[in-house]
Amino acid sequence: MRLGKDAKVDLLKKVPLFSKLDKNALQAVAQIADELDLPAGKAMASEGDRGREFFVLLEGEADVTKGDRHINTMKKGDFFGEIALVTKMPRTATVTAKSNVDVLVITERAFDTLLKNQPEISRAVAEALAERVAPELPV
């Protein structure tokens, strides 16, 4: 499965972290997003590890576990790791491909470079992040 530029933009605009971006900025983010095919059983994120990628599930399913507990099963369109791109915080859960999966991936390095080169994207992402982590704070 290979997505066109517009399909990537459509997926990315559903991600809360990118909700403040205009179409041009979303296209810039889409350009750094790579598609990968991963086998069943592949750990895409491990609890406690520092997050270095953001994923959107394009096809297949992935299990989310915390310790020994099953938390959720992710399906097409679900995403994880967007906060880790910005905060560099450790992963709070493990995500493992339940089946063969196709994913859209944005690496920390590519994202950091994009933010340095396009500060307007950095501002919009920071605004969206602030709304997500502190939605109840007064203005």
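Residues numbered from 1 in each chain as written. Predicted model: local features only at pLDDT ≥ 70, side-chain atom pairs only at ≥ 80, totals over all residues. Heavy atoms only, no water.

> What exactly am I supposed to notice about the overall build of the chain here?
Within the chain, the regular secondary structure consists of five helices and eight strands. For the chain, the residues scored as buried account for 40% of the 139 residues in total. In the chain, once contacts between residues fewer than 6 apart in sequence are set aside, the share between residues at least 24 apart is 75%. With an accessible surface of roughly 7900 Å², the chain has 51% of that area assigned to carbon and sulfur atoms. On the chain, the mean spot of the 21 positive side-chain charges and the mean spot of the 22 negative ones are 2 Å from each other. (Helix = DSSP H or I, 4+ residues; strand = E, 2+ residues; numbered from the N terminus. Buried < 20%, exposed > 50% of the residue type's maximum accessible area, 1.4 Å probe, protein only. Contact = heavy atoms within 4.5 Å. Areas by Shrake-Rupley, 256 points an atom, 1.4 Å probe, with all protein chains shown as cover. Lys, Arg positive; Asp, Glu negative; His and termini not counted. Charge placed at Lys NZ, Arg CZ, Asp CG, Glu CD.)

> Which parts of the structure should I look at to understand the layout of surface pockets?
Remark: the empty space left among the atoms is shown by a probe the size of a water molecule rolled over them. In this structure, the largest pocket occupies an estimated 400 Å³ of space. Lining the largest pocket are 18 residues, with Phe-80, Gly-81, Arg-91, Thr-92 and Ala-93 sitting closest to its centre. If you list the elements that add at least two residues to the lining of the largest pocket, you get strand 5 (69–74), strand 6 (79–80) and helix 3 (82–87). With four residues, the top contributor of residues to the lining of the largest pocket is helix 3. (1 Å grid on protein atoms, 1.4 Å probe; cavity = no way out; pocket = protein on both sides within 12 Å on 5 of 7 lines; lining within 4 Å. Points joined across faces, edges and corners; volume = space filled by probe spheres on them.)

> What's the story with the packing of aromatic side chains in this structure? I'm lost.
For any two aromatic rings, the description comes down to two numbers: the centre-to-centre distance and the angle of the planes. By the definition in use, this model includes four aromatic pairs. Measuring from centroid to centroid gives 5.8 Å for Phe-18 and Phe-54, while their planes differ by 85°, and the two rings are edge-to-face. Linking Phe-18 in the loop between helix 1 (5–12) and helix 2 (23–31) with Phe-54 in strand 3 (residues 53–59), this pair joins segments that are 36 residues apart in sequence. Judged by its relative accessible area of 1%, Phe-18 is buried. Put simply, the rings of Phe-18, Phe-54, Phe-79 and Phe-111 touch in pairs and so form one group of aromatic residues. (Phe/Tyr/Trp six-rings, centres within 6.5 Å; stacked < 30°, edge-to-face > 60°.)

> How should the pairing of strand 8 (residues 101–107) be read in this particular structure?
Look at any regular strand and the pattern is simple: side chains alternate between the two faces of the sheet. Judged by how many residues are buried, strand 8 sits mostly within the fold: six of seven residues are covered. As paired elements, strand 1 (residues 34–38) and strand 8 share five bridges and run antiparallel to each other. Bridge assignment links Glu-35 to a residue of strand 8, and that residue is Leu-104. (Pairing = 2+ DSSP bridges.)

> Honestly, the nonpolar core in this entry has me stumped. Any pointers?
The tendency in soluble globular proteins is for nonpolar side chains to be buried side by side. Judged by nonpolar contacts, the single largest core of 27 residues is most densely connected at Leu-12, Phe-18, Leu-21, Phe-54, Ile-106, Phe-111 and Ile-121. If one sorts the elements of this core by residue count, helix 2 sits on top with five residues. With residues near it in sequence (within four places) discarded, Ile-106 still touches Leu-12, Phe-18, Val-29, Ile-32, Ala-33, Arg-52, Glu-53, Phe-54, Leu-85 and Phe-111. (Core = buried A, V, L, I, M, F, W, Y, C linked by side-chain atoms within 4.5 Å.)

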